[in-house]
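An overview of the molecular structure
Residue-level listing of the chains:
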Amino acid sequence: MNNEAAYEGREATLVKHTILKLYVEALAYKVGSVFPRITYVDGFAGPWKSSMENLSDTSPHIALKQLNVAREGLGRIGRFPEMSCIFIEKDPLLARQLEDSLLKSGRVQTTVITGEFEDHVADVTESLDAASDNFSFVFIDPTGWTGFTMDKIIPILKRRNGEVLINFMTKDIKRFIDDESSTARRSFERLYGSSDYREQWRGLRDAEREDAMVDAYCRRVQDVGGFAFVVRAVVLHPRQARTHFHLIYATRSIHGLRAFRDAERKAMQKQEEVRARAQQQKRIRRSGQGELIPAVDLGADDYYSQLRDRYSEAAKQAVLDAIRQSGTLMYDDIEAEALLHPMTWQQDVKGWLKEWKADGRIRIEGLGPRERVPKLDSSHRIVWTS
Ligand SMILES: C[S@@+](CC[C@H](N)C(=O)[O-])C[C@H]1O[C@@H](n2cnc3c(N)ncnc32)[C@H](O)[C@@H]1O
């Protein structure tokens with residue numbers, strides 16, 4: 001079975017794993033050329049619903065493989081960061097299965113902890129802080145919305161040299177979050193780490209309610225951890241026009257934000273392919289008749305394009321307003337403003353600037369003689385001229 005076939009029936013997991021794989025690869029190269037140590041922590045490691053004997057379709061193995069590849073690549077240019085992984089899994093049988101699968105884990109060190117993530121936050125942060133300059137990437141991938149209360153994950157969010165990726169189970173959370181029962185209320189208060197969380201979507205409906213709910217969580221993570229950027233990627237249900245879950249990414253670096261959005265862009269292409277296939281299979285099962293046109297040519301429903309239009313239009317407007325209001329803006333600030341929005345990429349920003357420059361609304365200053373487009377970490381500025 002090839003790796004993609006292993007995801008049949010769990011296409012959203014393939015999208016999640018694509019983002020994880022691409023992002024960990026970028027992170028390992030970038031951070032590995034600056035920091036002497038990188039530690040990947042998987043707080044809800046599994047293995048979970050794997051179809052591969054070697055568990056290559058699970059997050060621990062996906063991250064481990066990327067770290068090993070990056071380690072070799074960095075070695076070729078004379079850099080040798082130490083890389084390690086800490087996997088936490090509460091089910092002893094699964095933890096054992098994971099441990100057995102790691103016998104050949106390459107040159108990246110691995111540790112499996114059997115137990116609940118929250119109970120091990122202190123040991124994990126202690127071990128991360130034991131060596132200086134250890135950059136941590138913590139993946140929190142629960143099956144619901146419990147087991148990572150805001151209070152308990154504070155030490156992880158506050159680590160200066162650290163990033164976090166959280167699977168926010170939107171589909172389930174939005175069903176229960178306004179439930180009046182005291183148990184539900186308490187569990188969401190613990191998730192958000194605040195009691196006024198519901199205020200932020202009072203009166204809103206549908207997509208706006210969902211956005212407000214996820215944005216409120218992102219703001220909490222940002223405030224508690226002091227991150228520069230906390231953003232989300234939307235992972236869709238394979239056969240229905242709705243969100244399945246969000247991946248929430250927290251970073252202190254614009255380069256991290258750009259790498260995350262690059263990973264999201266590629267994963268969204270994959271998502272459209274697998275949704276087209278899953279939707280075709282659903283039609284065939286229902287009608288009992290095959291279809292002559294391949295799924296990739298027919299495409300999936302237009303929910304993704306609707307969302308992409310909505311988010312990238314909002315991003316475009318936000319950037320335009322920011323330039324207009326400040327008169328002059330550094331290119332870094334413009335890209336950061338745009339990439340806060342889901343499904344919006346650096347290529348979009350370059351396209352808008354080209355369009356606004358052509359119609360005389362802006363001018364780009366600070367470009368060198370051979371430079372045509374503005375770059376990060378430069379003195380490139382965008383000036384409102386209209
Ligand atoms: C969604 S699955 C993880 C999937 C895995 N991250 C992947 O992408 O391949 C969640 C896993 O967390 C485990 N789990 C549930 N609650 C936990 C907790 N409080 N602490 C640690 N592990 C937990 C479950 O047994 C399950 O294996």
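Look above for the structure.
Below, the structure is looked at part by part.

The rules behind these values
- Residues numbered from 1 in each chain as written.
- Predicted model: local features only at pLDDT ≥ 70, side-chain atom pairs only at ≥ 80, totals over all residues.
- Heavy atoms only, no water.
- Helix = DSSP H or I, 4+ residues; strand = E, 2+ residues; numbered from the N terminus.
- Contact = heavy atoms within 4.5 Å.
- Areas by Shrake-Rupley, 256 points an atom, 1.4 Å probe, with all protein chains shown as cover.
- Buried < 20%, exposed > 50% of the residue type's maximum accessible area, 1.4 Å probe, protein only.
- Pairing = 2+ DSSP bridges.
- Near = heavy atom within 4 Å.
- Polar contact = N/O pair within 3.5 Å; in protein donor to acceptor, adjacent residues only side chain to side chain.
- 1 Å grid on protein atoms, 1.4 Å probe; cavity = no way out; pocket = protein on both sides within 12 Å on 5 of 7 lines; lining within 4 Å.
- Sits in = over half its atoms within 2 Å of the grid points.
- Points joined across faces, edges and corners; volume = space filled by probe spheres on them.
- Nonpolar A, V, L, I, M, F, W, Y, C, P; charged D, E, K, R; others polar.
- Phe/Tyr/Trp six-rings, centres within 6.5 Å; stacked < 30°, edge-to-face > 60°.
- Lys NZ or Arg CZ within 6 Å of the ring centre and 35° of its normal.
- Axes fitted to C-alpha atoms, helices over the stretch in contact; angles between N-to-C directions.

Within the protein chain, the regular secondary structure consists of 13 helices and 10 strands. Reported as C-alpha extents along the three principal axes, the dimensions of the protein chain are approximately 65 × 60 × 50 Å. Considering only contacts in the protein chain between residues 6 or more positions apart, those separated by 24 or more positions represent 71%. Roughly 18,400 Å² of accessible area belongs to the protein chain as shown, and the carbon and sulfur atoms make up 48% of that amount.

Right, let's talk about the pairing of strand β7 (residues 243-251) for a bit. Along β7, nine of the nine residues are buried, which leaves the element largely enclosed by surrounding structure. In this structure, strand β5 (residues 162-168) lies alongside β7, joined through five bridges in antiparallel fashion. Paired with V164 across the bridge in β7 is A250. As paired strands, strand β6 (residues 229-236) and β7 are joined by eight bridges and run antiparallel to one another. When the bridges of β7 are listed, A233 appears paired with L247.

Taken together, 19 residues sit near the ligand, with H17, S59, E89, F117 and D141 positioned nearest. H17 is positioned such that a nitrogen or oxygen atom in its side chain is 2.7 Å from an oxygen atom of the ligand. Coverage of the ligand by the protein chains reaches 93% of its 600 Å² of free accessible surface. Among the cavities detected, the one that contains the ligand is the largest pocket.

What follows covers the layout of surface pockets. Reported here for the largest pocket is a volume of approximately 920 Å³. If you go around the largest pocket, you meet 40 residues; those closest to its centre are K16, W48, D141, P142 and T143. Listed by contribution, the elements that provide at least two residues to the lining of the largest pocket are α1 (11-32), β2 (82-89) and β7. Counting residues per element, the lining of the largest pocket draws most heavily on α1, at five residues. Considered class by class, the residues forming the lining of the largest pocket number 12 nonpolar, 15 polar and 13 charged. The space that makes up the second largest pocket amounts to roughly 430 Å³. In this structure, the second largest pocket is lined by 18 residues; those nearest its centre are N3, S56, H61, I62 and K65.

Once that is clear, we can look at the packing of aromatic side chains. One pass over the full model with this rule turns up 17 aromatic pairs. Between F44 and F117, the ring centres sit 5.5 Å apart and the planes meet at 50°, which makes this aromatic pair tilted. Separated by 73 residues along the polypeptide, F44 in the loop between β1 (37-42) and α2 (59-76) and F117 in the loop between β3 (109-114) and α4 (121-130) bring together distant segments of the chain. Through a chain of ring-to-ring contacts, the aromatic side chains of Y23, Y40, F87, F137, Y249 and F260 assemble into a single cluster. Stacked on the ring of F227, the Lys or Arg R252 has its end atom at 4.2 Å from the ring centre.

It is worth spelling out the environment of V319 at this point. The topology assignment puts V319 in helix α11 (residues 303-326). Note: C-alpha distance between V319 and D359 (40 residues apart in sequence) is 16 Å. What V319 contacts, discounting residues up to four positions off in sequence, is I334, E337, A338, W352 and W356.

Turning our eyes to something else, we now look at the sheet that holds strand β9 (residues 362-365). In spatial order, the strands read β8-β10-β9; together these three strands make up an open sheet with antiparallel pairing. Every other strand in the sheet has two partners, leaving β8 (328-330) and β9 as the edge strands with one partner each. Within the sheet, the average angular offset between the axes of one strand and its neighbour, ignoring direction, is 25°. Where β9 meets strand β10 (residues 381-384), four bridges bridge the pair, whose relative direction is antiparallel. Within β10, the residue paired with R363 across the bridge is V383.

It is worth spelling out the sheet that holds β7 at this point. With mixed pairing, seven strands are arranged side by side in an open sheet as β3-β2-β1-β4-β5-β7-β6. The sheet is open, and its two edges are formed by β3 and β6, each paired on a single side. Across the sheet, the mean angle from the axis of one strand to that of its neighbour is 15°, orientation sign disregarded. Pairing of β2 with β3 involves six bridges; the strand directions are parallel. Along β3, the bridge assignment pairs I86 with T111.

Before going further, it helps to spend a moment on unusual backbone geometry. In this model, G46 is joined to P47 through a cis peptide bond whose omega is 15°. Inspection of the secondary structure puts P47 in the loop between β1 and α2. Its identity is not glycine, yet L55 carries a phi of approximately 60°, on the positive side. On the secondary structure map, L55 appears in the loop between β1 and α2. Using a relative accessible area of 4% as the deciding quantity, one classes L55 as buried. Look at M343: it is not a glycine, yet its phi comes out positive at around 55°. When you line up the elements, M343 lands in the loop between α12 (331-339) and α13 (346-358).

With that out of the way, let us pick up the pairing of strand β4 (residues 134-140). Of all seven residues making up β4, seven are buried, and the element is well covered by its neighbours. Side chains N134, S136, V138 and I140 project from β4 onto one buried face, and the interleaved F135, F137 and F139 project onto a second face that is buried too. Two strands pair when backbone bridges link them, and β1 and β4 are joined in this way by six bridges, in the parallel orientation. Residue pairing across strands places T39 opposite S136, the latter belonging to β4. Across five bridges, the pairing between β4 and β5 is parallel. Pairing of V138 across the sheet is with V164, part of β5.

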